[in-house]
Amino acid sequence: GQSLEQPSEVTAVEGAIVQINCTYQTSGFYGLSWYQQHDGGAPTFLSYNALDGLEETGRFSSFLSRSDSYGYLLLQELQMKDSASYFCAVGPDSNYQLIWGAGTKLIIKP
Amino acid sequence: NAGVTQTPKFQVLKTGQSMTLQCAQDMNHNSMYWYRQDPGMGLRLIYYSASEGTTDKGEVPNGYNVSRLNKREFSLRLESAAPSQTSVYFCASVSGNSPLHFGNGTRLTVT
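Residues numbered from 1 in each chain as written. Chains lettered and ligands numbered in written order. Predicted model: local features only at pLDDT ≥ 70, side-chain atom pairs only at ≥ 80, totals over all residues. Heavy atoms only, no water.

Trainee: I keep staring at the pattern of salt bridges and nothing clicks. Help me out?
Mentor: Side chains that differ in charge, positive against negative, can pair when their charged atoms come close. Residue and element names in this part refer to chain B. Applying the stated criterion to the full structure yields 6 salt bridges over all chains. A salt bridge links Asp 38 to Arg 36, with the shortest nitrogen-to-oxygen separation between them at 2.9 Å. Each member of the pair, Asp 38 together with Arg 36, is buried. In the salt-bridge network here, residues are joined through shared partners; they are Arg 36, Asp 38 and Arg 44. (Salt bridge = Lys/Arg side-chain N within 4 Å of Asp/Glu carboxyl O. Buried < 20%, exposed > 50% of the residue type's maximum accessible area, 1.4 Å probe, protein only.)

Trainee: Just checking my understanding: could you explain the nonpolar core for this structure?
Mentor: Generally speaking, nonpolar side chains in soluble globular proteins are found buried as a group. In terms of nonpolar packing, the biggest core is built from 22 residues, with Leu4(A), Leu32(A), Trp34(A), Leu75(A), Tyr86(A) and Leu106(A) touching the most fellow members. Where this core is concerned, the elements lending two or more residues are strand E2 (9-13), strand E3 (18-25), strand E4 (32-37), strand E7 (60-65), strand E8 (70-75), strand E9 (84-90) and strand E11 (104-109) of chain A. Not counting chain neighbours up to four residues away, the residues in contact with Leu32(A) comprise Leu4(A), Cys22(A), Ser47(A), Tyr48(A), Asn49(A), Leu64(A), Gly71(A), Cys88(A), Ala89(A) and Val90(A). Residues Met32(B), Tyr47(B), Leu76(B) and Ala81(B) belong to the second largest nonpolar core, which totals 19 residues. (Core = buried A, V, L, I, M, F, W, Y, C linked by side-chain atoms within 4.5 Å. Helix = DSSP H or I, 4+ residues; strand = E, 2+ residues; numbered from the N terminus. Contact = heavy atoms within 4.5 Å.)

Trainee: Would you mind showing me how to read the state of the cysteines here?
Mentor: With the rule as written, the count across this model stands at 2 disulfides over all chains. Between the sulfur atoms of Cys22(A) and its disulfide partner Cys88(A) the distance amounts to 2.2 Å. A torsion of 75 degrees about the S-S bond marks the disulfide between Cys22(A) and Cys88(A) as right-handed. Of this pair, Cys22(A) sits in strand E3 while Cys88(A) sits in strand E9, and the two are 66 residues apart along the sequence. A single burial state applies to Cys22(A) and to Cys88(A), both of which are buried. A sulfur-sulfur distance of 1.8 Å marks the disulfide that ties Cys23(B) to Cys91(B). Residues Cys23(B) and Cys91(B) are joined by a disulfide whose S-S torsion is about -70 degrees; by sign, that bridge is left-handed. Placement of the pair is Cys23(B) in strand E3 (residues 19-25) and Cys91(B) in strand E9 (residues 87-94), with a sequence separation of 68 residues. (Disulfide = S-S within 2.5 Å.)

See below:
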């Protein structure tokens with residue numbers, strides 16, 4: 001089967017750095033995306049990795065290792081507004097579908 | 001620039017009632033999707049439309065039907081609502097390798 005694994009919950013302190021991991025088992029690979037979702041809100045796009053390496057966008061970075069079927073999202077200088085759920089997703093595949101992880105709830109303490 | 005617009009935002013139905021969730025996008029995207037999200041869980045694909053005139057089942061299509069009315073609009077219909085369909089429904093659209101754009105969701109409760 002196809003699946004993505006990510007921790008259900010991560011806790012960090014304001015101002016710190018946190019890493020959210022994602023491992024995947026899929027029949028094909030078409031890129032790893034990260035989305036953020038605040039409580040009661042819609043998912044919004046954060047980052048996308050099609051190739052190995054690090055992609056940086058401001059305080060957020062995403063890393064991919066295709067040989068290890070592994071990626072992570074790195075959030076630096078954490079702010080209270082970063083409290084949200086973070087989802088990794090593989091795709092879209094040839095059927096235009098994404099395979100989603102169950103999400104990681106990030107709790108930030110002052 | 002509205003992006004993806006979903007209506008209604010909230011809905012309460014009684015078991016057996018029917019309703020249609022509406023979705024429209026103004027970004028000229030080819031592909032559109034309907035997802036459901038249950039508390040503490042990820043997104044599960046109900047149906048998708050890769051392009052105007054085509055629709056296909058996703059992971060959890062039972063109890064739902066869809067219509068790709070034109071390139072902009074993709075509706076989701078519940079013919080006979082059941083309590084198991086209580087969920088938050090998200091519509092999304094995309095073209096090529098661009099990221100998914102989501103609507104703000106419809107919160108549906110079936111009693």
